[in-house]
Amino acid sequence: MTPLLRTVPPAEWALATDGEAEHIAFFGDDLERLALATSALGLGLTVAEGTGRVAASARDLGRLAAELERRGSSLAPPLARYLAPVARWRAGPHELALDKPLVMGIVNLTDDSFSGDGVGTDASAALAHAERLRSEGADIIDVGAETARASRPQLEAEAEAAIAGPVVAALVREGHLVSIDTYKREVAEAAVEAGAAIVNDISGLTLGTEAAEAAARGGAGYVLNYSYTVPKHRPDPAPVYGDVVTETVEWMAERLAALEAAGLPREAIAIDPGIAFGKSHDEDLQALRRLPELRTAGQPLLLAHSRKNYIGSVSGTGPEDRDLETHVTTALAYAQGACIFRVHDVAGTRRTLAMAAAIVSAAPGAFAPDEGSWPWAAGATAAEAIAEKALIDAPPGQRW
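Report on the accompanying structure. Just so you know, the residues in each chain are numbered from 1, in the order the chain's sequence is written. Note on the predicted model: pLDDT of at least 70 is required for a residue's local features to be given, and 80 or more for side-chain atom pairs to be given and counted; whole-chain, interface and lining totals, by contrast, use all residues. Computation of side-chain values: all heavy atoms of the structure, hydrogens and water removed.

Details of the pairing of strand S7 (residues 102-108)
Sheet faces and side chains relate simply in a regular strand, where the side chains alternate between the two faces. Threshold: Any residue under 20% of the maximum accessible area for its type is buried, any over 50% is exposed, and the rest in between are partly exposed; the area is computed with a 1.4 Å probe on protein chains only. Starting at the N terminus, helices and strands are each numbered in turn, a helix being any DSSP run of H or I of at least four residues and a strand any DSSP run of E of at least two. Here the rule is simple: two strands pair whenever DSSP picks up at least two bridges between them.
The buried fraction of S7 amounts to seven of the seven residues, a majority that puts the element mostly inside the structure. The alternating pattern of S7 places Leu102, Met104, Ile106 and Asn108 and Val103, Gly105 and Val107 on opposite faces, both of which are buried. Direction of pairing for S7 relative to strand S14 (residues 340-343): parallel, over a ladder of four bridges. Within S14, the residue paired with Leu102 across the bridge is Ile340. In the sheet, S7 pairs with strand S8 (residues 140-144) via five bridges, with the strands oriented parallel. Bridging from a neighbouring strand, Gly105 pairs with Ile141 of S8.

Quick look at the structure:
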């Protein structure tokens, strides 16, 4: 499987020091026009096994996209999308800026959640849990009434809607931005009617586009989750991938086209690599290692990785004791361009993202001291920063 386009962007820290850092673009079709376009622009092209490879700055890739469009190449639209990623996620009446990370807190209306934190069908418990998550920094509350675990029963759609709908309505009345975690049309419709702004669909369109169409009709945002098979079924036999990330890039491109045909605008769609959906733990780790390639389509990248079993394969810990590893994954994923994080431990995630953002994306000087706070940044409150022993004069011309 060779996608029409697969890209590998430079690391954020490379861009911080060199705005002309090279992106690598792999093209899977129309290589004759690609050769003519790169030749006309003086860009290098290598071709191997039916795939063209171009390494160039974003500026030069922009020139290439324009030249490909002039020549009528099918490669121009996907390259243009990559170069102009969605900057604001449209979710119902909300437009969520993606220049800072968003945190999606989990409220499971079940008593059989794998992570052991389900609140059951008690609406008051769900409201209390959501309020705690908001106080800890959650931007979005993701509500689910059926566990995704394959070993647990599947709810009838009407029963699931009857559980989720009233809770969604109550959360919206309390001012929460709510996402409904479902793959069923009836549940998505009930939740969107109750005020849910996002449909988080784990099915990956394996059951068709009905849940996506419900999101489109209600003007809601939508999360496209990679899935190898229908929900709550383990693949048998196990999937065999030639290259799990390359195949996921192609899978995403095909389904994004189907979603747009179903009426969802590009700005309403986020993508999720589907950790724990149809992949071995090794393949989950490969996907996490190569998250930048999933930014090829220019869609917001959501990661639902919290406490999942790939962590157990690495650390041997159970779901209730995996927050540390979840936070490590969060920091590394943020550095690779993920911008929405669905997690159980919201407070810890906010601290993790604050530190990751300070290193990865803060502008020089963002944490510099001012004249009254040397040698710490203005507003520092650590005990060491205000201790009497710290009140020393700065050497002339230096800011330690």
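Picking up where we left off.
A word on the sheet that holds strand S3 (residues 46-48)
Here is the rule we go by: Geometry is summarised by axes, namely lines fitted to C-alpha atoms with helices restricted to the contacting stretch, and by angles between N-to-C directions that run from 0 to 180 degrees. Residues count as neighbours in contact if any of their non-hydrogen atoms are within 4.5 Å of one another.
Ordered by their spatial adjacency, four strands build an open sheet running S1-S2-S4-S3, and the pairing between neighbours is antiparallel. Of all the strands in the sheet, just strand S1 (5-8) and S3 have a single pairing partner and so form its edges. Neighbour to neighbour, the strand axes of the sheet diverge by 20 degrees on average, direction disregarded. Pairing geometry for S3 and strand S4 (residues 51-56), over three bridges, is antiparallel. Across the sheet, residue Val47 finds its bridge partner in S4, namely Gly52. Against the sheet, helix H2 (residues 31-41) touches strand S2 (23-27), S3 and S4, its axis set at about 25 degrees to S4.

Considering the nonpolar core
The tendency in soluble globular proteins is for nonpolar side chains to be buried side by side. Worth spelling out the cut-off: For this analysis, a nonpolar core means a set of buried residues of the types Ala, Val, Leu, Ile, Met, Phe, Trp, Tyr and Cys, connected via side-chain atoms within 4.5 Å.
In this structure, Tyr222 and Leu224 are the most contacted members of the largest nonpolar core, which totals 64 residues. Considering every element that reaches this core, the biggest residue donor is helix H9 (residues 244-261), with seven residues. In contact with Leu224, other than residues within four places in its own chain, are Gly204, Leu205, Trp251, Met252, Arg255, Leu256, Leu259, Ile269, Ala270, Ile271 and Asp272.

Remarks on the layout of surface pockets
This is how it is decided: A cavity here means a set of points on a 1 Å grid, drawn over the protein atoms and nothing else, where a 1.4 Å probe fits but cannot get out; a pocket is an open set with protein on both sides within 12 Å along at least five of seven lines, and a residue lines either one if it has an atom within 4 Å of a point. Grid points are joined across faces, edges and corners, and a volume is the space filled by probe spheres set on the points. Only Asp, Glu, Lys and Arg are considered charged in this grouping, and only Ala, Val, Leu, Ile, Met, Phe, Trp, Tyr, Cys and Pro are considered nonpolar; every other residue, Gly among them, is considered polar.
Within this model, the second largest pocket holds a volume of roughly 650 Å³. What lines the second largest pocket is a set of 25 residues, among which Glu12, Pro85, Leu98, Arg295 and Gly337 lie closest to the centre. Sorting the residues of the lining of the second largest pocket by element identifies helix H1 (12-17) and helix H4 (76-83) as the ones contributing at least two each. Split into classes, the residues belonging to the lining of the second largest pocket amount to 16 nonpolar, five polar and four charged.

Things to note about the packing of aromatic side chains
Describing an aromatic ring pair means giving the distance of the ring centres and the angle of the ring planes. The test is simple: For Phe, Tyr and Trp, where Trp contributes only its six-membered ring, two rings pair if their centres lie within 6.5 Å, and the inter-plane angle classes them as stacked under 30 degrees, edge-to-face over 60, or tilted in between. Cation placement over rings: the criterion is NZ of Lys or CZ of Arg within 6 Å of the ring centroid and within 35° of the ring normal.
Inspection of every chain in the model, using the stated rule, returns two aromatic pairs. Look at Tyr228 and Tyr241: their rings are 6.1 Å apart centre to centre, the planes differ by 70 degrees, and that puts the pair in the edge-to-face class. Of the two residues, Tyr228 sits in the loop between strand S11 (221-225) and H9 while Tyr241 sits in the loop between S11 and H9, which places them 13 residues apart along the sequence. One cation-aromatic arrangement involves Arg6 over Phe26; the distance from NZ or CZ to the ring centre is 4.3 Å.

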